[in-house]
Amino acid sequence: MTDSALPSDLHLAFIGGGNMASAIIGGLRRQGVAAERIDVVEPFEASRDALRAAHGIEAHAAAGDFLARAGLIVWAVKPQSFREAAAPVAPHAGQALHLSVMAGIRAGDLAAQGGSARVVRCMPNTPALVGKGMTGLFASAAASAQDRALAESVIRTTGDALWIEREEQLDAVTALSGSGPAYVFYFLEAMERAGTQMGLTAEQARRLAVGTFAGGSALAADSPETLATLRERVTSKGGTTYAALTHLDQAGMQDAFVGALHAAAVRAKELGDEFGR
Ligand SMILES: NC(=O)c1ccc[n+]([C@@H]2O[C@H](COP(=O)([O-])OP(=O)(O)OC[C@H]3O[C@@H](n4cnc5c(N)ncnc54)[C@H](O)[C@@H]3O)[C@@H](O)[C@H]2O)c1
């Protein structure tokens with residue numbers, strides 16, 4: 001495969017080489033982006049070794065002149081580490097486009113710290129590791145159509161992408177799809193636990209649960225029906241599903257779940273507010 005959507009002379013630099021950087025670098029490498037075109041700044045030796053072993057790319061302990069060749073800088077540190085990470089990077093960043101995966105950190109703060117107003121923020125999720133990511137993207141006013149296309153083509157190496165028009169909507173994206181895989185695993189854990197309590201092995205329960213999530217998602221993706229209709233088709237009157245959903249409703253499950261997503265969005269906004277202070 002070739003990376004035809006990306007300019008062939010583009011160099012990319014990642015600031016932070018943890019889970020999310022590794023997922024995007026993996027996507028780029030699978031699409032044929034040469035290892036020589038990717039630099040990473042990652043202070044922890046064990047993480048640098050892991051990046052070299054997994055992707056064959058060059059990982060540096062600290063920022064330096066090599067960053068000047070990057071046309072795209074991807075910010076992939078924890079929001080709490082951004083200020084410390086940005087200070088040594090900004091003097092070398094030149095006119096690069098900045099693409100951030102950090103939760104909460106706003107485009108204005110990215111521009112101020114990174115030294116360029118050409119900022120695209122995005123919120124990926126960990127299924128990016130297997131090319132099944134779902135990412136929300138937001139472009140600042142100073143980002144050109146070409147900048148948007150470049151950011152999207154990088155993100156699309158990891159799965160699907162959706163543009164949003166208002167920056168504050170990224171907090172909702174973070175709550176829904178950014179944190180979302182954790183909710184899926186939480187439900188899968190509960191299904192596995194119930195399965196073993198009812199006499200299945202853990203392996204059997206996990207396979208049934210994971211297959212059901214994958215199948216349910218594929219059916220929802222393919223179907224023009226509402227989610228409520230798809231649910232009702234499983235729910236025979238007086239049957240087993242009805243018994244289960246009645247129990248969930250009596251426990252206030254749906255309201256609790258909706259409340260959980262609001263809590264995540266509030267936290268995403270707080271992270272941005274804390275940084276701006
Ligand atoms: N993990 C997720 O599900 C997920 C999803 C979407 C977005 N994000 C966002 O991605 C970002 C990274 O998350 P992650 O899960 O990859 O975290 P992580 O801890 O795996 O990676 C962060 C990396 O940054 C490195 N780092 C720390 N200080 C640094 C510095 N001064 N300079 C350069 N690198 C430094 C750390 O050593 C670490 O390897 C976060 O801002 C998070 O909000 C994460």
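As the structure is a computational prediction, the values presented were derived from the model and not from experiment.

Points about the layout of surface pockets
Thinking step 1. The volume enclosed by the second largest pocket comes to roughly 1000 Å³.
Thinking step 2. Every residue lining the second largest pocket is counted, 42 residues in all, and those nearest its centre are Met20, Ala76, Val77, Lys78 and Pro79.
Thinking step 3. Breaking the lining of the second largest pocket down by element, the ones donating at least two residues are α1 (19-30), α3 (82-89), α6 (169-178), α7 (180-197) and α11 (253-276).
Thinking step 4. Of the residues belonging to the lining of the second largest pocket, the class tally is 26 nonpolar, 12 polar and 4 charged.

Thoughts on the environment of Glu36
Thinking step 1. Relative to the elements of secondary structure, Glu36 occurs in the loop between α1 and β2 (38-41).
Thinking step 2. Its relative accessible area of 61% is what places Glu36 among the exposed residues.
Thinking step 3. Sequence spacing of Glu36 and Ala96 is 60 residues, and the spatial spacing of their C-alpha atoms is 18 Å.

Focus: the UniProt feature "domain: Pyrroline-5-carboxylate reductase catalytic N-terminal" (unreviewed entry) in the protein chain
Thinking step 1. In the numbering used here, UniProt assigns the feature "domain: Pyrroline-5-carboxylate reductase catalytic N-terminal" (unreviewed entry) to residues 12-104.
Thinking step 2. Helix makes up 33% of residues 12-104 and strand makes up 20%, while its end C-alpha atoms are separated by 23 Å.

Quick word on the pairing of strand β6 (residues 119-123)
Thinking step 1. Among the 5 residues in β6, 5 count as buried, and that is most of the element.
Thinking step 2. Both faces of β6 are covered, namely the face carrying Val119, Arg121 and Met123 and the face carrying Val120 and Cys122.
Thinking step 3. Here strand β5 (residues 97-100) runs beside β6; their pairing, made up of 3 bridges, is parallel. In the strand pairing of β6, Leu99 is matched with Val120.
Thinking step 4. A crossover links β5 with its parallel partner β6, the connecting element being helix α4 (residues 107-114), and its sense is right-handed.
Thinking step 5. Bridge analysis of β6 against strand β7 (residues 133-139) gives 4 bridges, and the strand direction is antiparallel. Across the sheet, Arg121 pairs through a bridge with Phe138, a residue of β7.

Concerning the site of the ligand
Thinking step 1. In the vicinity of the ligand, 20 residues are found, and the nearest of them are Asn19, Met20, Glu42, Phe44 and Val77.
Thinking step 2. Contact between the ligand and Glu42: an oxygen atom at 2.6 Å from a side-chain N or O atom of the residue.
Thinking step 3. Val77 places a main-chain nitrogen or oxygen 2.6 Å from an oxygen atom of the ligand.
Thinking step 4. For the ligand, whose accessible area on its own is 820 Å², the fraction buried by protein is 81%.
Thinking step 5. Comparing atom positions with the cavity grids shows the ligand to sit within the second largest pocket.
Thinking step 6. Of the residues that constitute the shell around the ligand, the class distribution is 13 nonpolar, 5 polar and 2 charged.

Description of helix α2 (residues 45-55)
Thinking step 1. All of the buried residues along α2 are Arg48, Leu51 and His55. Buried residues along α2 cover an arc of 65° about the axis, so they all sit on one side. Of the residues in α2, the exposed ones pointing more than 90 degrees away from the buried face are Glu45, Ala46, Ala53 and Ala54.
Thinking step 2. Against the buried residues of α2 lie α1, β2 and β3 (58-60).
Thinking step 3. Just downstream of α2, Gly56 is the residue with a positive phi angle, here 70°.

Thoughts on the side chain of His55
Thinking step 1. One can find His55 in helix α2.
Thinking step 2. Within polar-contact distance, the side chain of His55 engages the side chain of Ser22 at 2.9 Å.
Thinking step 3. The residues contacting His55, other than those within four sequence positions of it, are Ser22, Ile25, Gly26, Arg29 and Ala35.

Observations regarding the packing of α3 against α4
Thinking step 1. Where α3 meets α4, the axes come as close as 9 Å, and the angle between the chain directions of the two elements is 40°. Considering the angle they form, α3 stands oblique to α4. Each of Phe82, Arg83 and Ala86 in α3 lies in contact with α4, whose residues at this interface are Asp109, Leu110 and Gln113.
Thinking step 2. Along the lines of polarity and charge, the residues of the contact of α3 with α4 split into 3 nonpolar, 1 polar and 2 charged.

Reading the values: the criteria
- Residue indices begin from 1 for each chain and proceed along its sequence in written order.
- Local features in this predicted model are restricted to residues of pLDDT 70 or higher, and side-chain atom pairs are both shown and tallied only at a pLDDT of 80 or more, whereas totals for entire chains, interfaces and linings draw on every residue.
- Water and hydrogen atoms play no part in the side-chain values, which are based on all heavy atoms of the structure.
- A pocket here means an open set of points on a 1 Å grid, computed over the protein atoms alone, that has protein on both sides within 12 Å along at least five of seven lines. A cavity is instead a set of points where a 1.4 Å probe fits but cannot get out; residues with an atom within 4 Å of a point line either one.
- Grid points are joined across faces, edges and corners, and a volume is the space filled by probe spheres set on the points.
- Comment: elements are numbered from the N terminus, with helices defined as DSSP H or I runs of at least four residues and strands as E runs of at least two.
- Nonpolar residues are Ala, Val, Leu, Ile, Met, Phe, Trp, Tyr, Cys and Pro. Charged residues are Asp, Glu, Lys and Arg, and all others, Gly as well, are polar.
- Note on classification: 1.4 Å probe, protein chains only; a residue is buried when its accessible area is under 20% of the maximum for its type, exposed when over 50%, partly exposed between these limits.
- UniProt positions are given in the numbering used here, feature names are shortened, and annotations may be inferred rather than shown by experiment.
- By the convention used here, strands pair only if DSSP detects at least 2 bridges between them.
- By the criterion used throughout, a crossover qualifies as right-handed when its path from the first strand across the helix to the second strand runs clockwise, the strands pointing away from the viewer.
- To be near a molecule or strand, a residue needs just one of its heavy atoms within 4 Å of it.
- Pairs of N or O atoms within 3.5 Å make up the polar contacts considered here, provided that, within protein, one atom can donate a hydrogen while the other can accept it, and that residues adjacent in sequence are counted only when both atoms are side-chain atoms.
- Using a 1.4 Å probe, the Shrake-Rupley method yields the accessible areas, and only the shown protein chains count as cover for residues.
- Pocket or cavity membership: a molecule qualifies when more than half of its atoms sit within 2 Å of the grid points of that site.
- Throughout, the arc means the angular range of directions from the helix axis out to the C-beta atoms.
- We call two residues in contact whenever any of their non-hydrogen atoms come within 4.5 Å of each other.
- Whenever a helix is involved, its axis is fitted only over the stretch in contact; in every case the axis is a line through C-alpha atoms, and angles between N-to-C directions fall within 0 to 180 degrees.
- If an angle is under 35 degrees, it is roughly parallel; if it is over 145, roughly antiparallel; if it lies from 65 to 115, roughly perpendicular; otherwise it is oblique.

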